[in-house]
Amino acid sequence: MPSRRLPPAKITPAHEDMGLFPKWMGRIRVDLIPQMRRNGRRDLIVRGYVKTDQEIEVVFAGRRSRDVEPLEHWLKVIYHRAVRATEAPVNVSDMRCPIEVEGAWRPTFRRDEMGLETRQYQLIAARWSVLGADGRAAAFGEQPSVPPWAL
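From a predicted model like this one, the values you see are computed outputs, not experimental measurements.

**Examining helix α2 (residues 69–85)**
Phase 1: Over its 17 residues, α2 runs 24 Å from end to end, which matches the ideal 24 Å to within 8%, given 1.5 Å per residue.
Phase 2: Among the residues of α2, L71, E72, L75, V77 and I78 are the ones counted as buried.
Phase 3: Contacts from the buried residues of α2 go to β1 (26–38), β2 (44–50), β3 (54–60), β4 (97–111) and β5 (117–131).

**Thoughts on the confidence of the model for the protein chain**
Phase 1: Averaged over all residues, the pLDDT of the protein chain is 85; the fraction at 70 or higher stands at 95%.
Phase 2: Mean pLDDT across the secondary structure elements of the protein chain bottoms out at helix α1 (residues 13–20), with 79, and peaks at β2, with 94.

**What to know about the pattern of salt bridges**
Phase 1: This model, assessed by the stated rule, comprises 14 salt bridges.
Phase 2: Among the ionic pairs, R111 bridges to E117, the shortest N-O distance being 2.8 Å.
Phase 3: Salt bridges here are not isolated pairs; linked through shared partners, they connect D17, R63, R64 and E142.

Conventions used here
Residues numbered from 1 in each chain as written. Predicted model: local features only at pLDDT ≥ 70, side-chain atom pairs only at ≥ 80, totals over all residues. Heavy atoms only, no water. Helix = DSSP H or I, 4+ residues; strand = E, 2+ residues; numbered from the N terminus. Expected span 1.5 Å × (residues − 1). Buried < 20%, exposed > 50% of the residue type's maximum accessible area, 1.4 Å probe, protein only. Contact = heavy atoms within 4.5 Å. pLDDT = per-residue confidence, 0-100. Salt bridge = Lys/Arg side-chain N within 4 Å of Asp/Glu carboxyl O.

Below, the structure is given as C-alpha coordinates:
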(Lines give C-alpha, C1' and ligand atoms only; values in the text may rest on other atoms or scores of the structure.)
Protein backbone atom coordinates (compact mmCIF):
# COMPACT_ATOMS: atom_id res chain seq x y z
CA MET A 1 0.00 0.00 0.00
CA PRO A 2 1.53 3.33 -0.99
CA SER A 3 2.33 5.82 1.75
CA ARG A 4 0.18 8.97 1.65
CA ARG A 5 2.39 10.88 4.07
CA LEU A 6 4.16 13.97 2.88
CA PRO A 7 7.94 14.01 3.04
CA PRO A 8 9.11 15.74 6.26
CA ALA A 9 10.53 18.69 4.30
CA LYS A 10 7.06 19.54 2.92
CA ILE A 11 5.19 19.47 6.24
CA THR A 12 4.40 23.01 7.36
CA PRO A 13 3.33 23.91 10.91
CA ALA A 14 -0.21 24.60 9.65
CA HIS A 15 -0.41 21.20 7.91
CA GLU A 16 0.92 19.41 10.99
CA ASP A 17 -1.50 21.18 13.35
CA MET A 18 -4.54 20.48 11.15
CA GLY A 19 -3.83 16.77 11.59
CA LEU A 20 -3.04 16.93 15.31
CA PHE A 21 -5.78 19.28 16.49
CA PRO A 22 -8.93 18.73 14.44
CA LYS A 23 -11.25 19.50 17.36
CA TRP A 24 -11.66 21.97 20.18
CA MET A 25 -8.83 22.18 22.63
CA GLY A 26 -9.05 22.34 26.39
CA ARG A 27 -6.83 22.86 29.41
CA ILE A 28 -6.40 19.75 31.59
CA ARG A 29 -4.41 18.97 34.73
CA VAL A 30 -2.56 15.68 34.28
CA ASP A 31 -0.32 13.71 36.62
CA LEU A 32 2.41 12.20 34.46
CA ILE A 33 4.27 9.12 35.58
CA PRO A 34 7.78 8.16 34.44
CA GLN A 35 6.65 5.55 31.96
CA MET A 36 7.25 6.79 28.44
CA ARG A 37 8.11 5.66 24.95
CA ARG A 38 8.72 7.07 21.50
CA ASN A 39 6.84 5.92 18.43
CA GLY A 40 8.09 5.59 14.85
CA ARG A 41 7.58 9.32 14.26
CA ARG A 42 9.73 10.15 17.32
CA ASP A 43 6.72 11.50 19.23
CA LEU A 44 6.98 11.13 22.99
CA ILE A 45 4.08 9.24 24.59
CA VAL A 46 3.82 9.44 28.38
CA ARG A 47 1.39 7.59 30.62
CA GLY A 48 -0.57 9.76 33.01
CA TYR A 49 -3.69 10.15 35.10
CA VAL A 50 -6.58 12.60 34.98
CA LYS A 51 -8.69 13.05 38.11
CA THR A 52 -6.16 10.82 39.96
CA ASP A 53 -7.58 7.52 38.64
CA GLN A 54 -8.43 7.81 34.92
CA GLU A 55 -5.44 6.53 32.95
CA ILE A 56 -4.57 8.29 29.68
CA GLU A 57 -1.65 8.78 27.35
CA VAL A 58 -0.24 12.23 26.66
CA VAL A 59 1.33 12.62 23.22
CA PHE A 60 3.93 15.29 22.51
CA ALA A 61 3.94 15.15 18.72
CA GLY A 62 5.62 16.73 15.75
CA ARG A 63 7.71 19.83 16.28
CA ARG A 64 6.62 19.95 19.94
CA SER A 65 8.51 16.72 20.66
CA ARG A 66 11.73 18.78 20.71
CA ASP A 67 10.35 21.05 23.45
CA VAL A 68 9.55 18.12 25.73
CA GLU A 69 13.17 17.13 26.45
CA PRO A 70 13.29 18.99 29.83
CA LEU A 71 10.10 17.24 30.94
CA GLU A 72 11.40 13.87 29.74
CA HIS A 73 14.61 14.44 31.69
CA TRP A 74 12.68 15.42 34.83
CA LEU A 75 10.55 12.25 34.66
CA LYS A 76 13.73 10.16 34.44
CA VAL A 77 15.14 12.00 37.48
CA ILE A 78 11.95 11.29 39.45
CA TYR A 79 12.23 7.60 38.58
CA HIS A 80 15.93 7.27 39.45
CA ARG A 81 15.50 9.10 42.76
CA ALA A 82 12.69 6.75 43.76
CA VAL A 83 14.68 3.66 42.80
CA ARG A 84 17.75 4.81 44.74
CA ALA A 85 15.69 5.75 47.81
CA THR A 86 14.52 2.20 48.50
CA GLU A 87 15.66 -1.35 47.95
CA ALA A 88 12.11 -2.63 47.56
CA PRO A 89 10.50 -2.66 44.09
CA VAL A 90 8.97 0.71 43.27
CA ASN A 91 5.48 1.27 41.92
CA VAL A 92 5.83 3.58 38.92
CA SER A 93 2.18 4.64 39.18
CA ASP A 94 2.89 6.27 42.56
CA MET A 95 5.53 8.62 41.09
CA ARG A 96 3.62 11.59 39.72
CA CYS A 97 4.60 14.84 38.08
CA PRO A 98 1.66 17.27 37.86
CA ILE A 99 1.47 19.41 34.72
CA GLU A 100 -1.21 21.43 32.99
CA VAL A 101 -1.74 20.56 29.33
CA GLU A 102 -3.54 22.50 26.64
CA GLY A 103 -4.45 20.07 23.91
CA ALA A 104 -7.02 18.01 22.08
CA TRP A 105 -8.46 14.56 22.82
CA ARG A 106 -8.04 11.74 20.33
CA PRO A 107 -9.75 8.36 20.76
CA THR A 108 -7.73 5.22 20.13
CA PHE A 109 -8.76 1.59 20.16
CA ARG A 110 -6.74 -1.17 21.80
CA ARG A 111 -7.31 -4.86 21.26
CA ASP A 112 -6.99 -6.97 24.41
CA GLU A 113 -5.84 -10.57 24.63
CA MET A 114 -9.39 -11.86 23.98
CA GLY A 115 -9.65 -9.83 20.76
CA LEU A 116 -12.08 -7.22 22.11
CA GLU A 117 -11.46 -3.59 21.31
CA THR A 118 -11.67 -0.99 24.04
CA ARG A 119 -11.65 2.76 23.55
CA GLN A 120 -8.93 4.76 25.22
CA TYR A 121 -8.05 8.40 24.90
CA GLN A 122 -4.86 10.23 24.13
CA LEU A 123 -4.32 13.87 24.95
CA ILE A 124 -2.36 15.54 22.15
CA ALA A 125 -0.36 18.34 23.79
CA ALA A 126 0.04 21.73 22.13
CA ARG A 127 1.29 23.63 25.18
CA TRP A 128 2.05 22.54 28.72
CA SER A 129 3.30 24.10 31.91
CA VAL A 130 5.22 22.67 34.85
CA LEU A 131 5.77 24.21 38.26
CA GLY A 132 9.44 24.95 38.80
CA ALA A 133 11.43 24.66 42.02
CA ASP A 134 10.93 28.38 42.61
CA GLY A 135 7.12 28.02 42.45
CA ARG A 136 6.71 29.69 39.06
CA ALA A 137 5.20 27.92 36.07
CA ALA A 138 7.47 27.21 33.11
CA ALA A 139 5.56 27.01 29.81
CA PHE A 140 6.56 24.89 26.82
CA GLY A 141 5.13 24.09 23.39
CA GLU A 142 3.22 26.45 21.16
CA GLN A 143 -0.30 27.40 20.18
CA PRO A 144 -1.53 25.60 17.02
CA SER A 145 -0.86 27.62 13.87
CA VAL A 146 -4.41 26.98 12.70
CA PRO A 147 -6.88 27.07 15.61
CA PRO A 148 -9.13 23.97 15.51
CA TRP A 149 -12.26 26.09 15.82
CA ALA A 150 -11.28 28.06 12.68
CA LEU A 151 -11.44 25.02 10.38
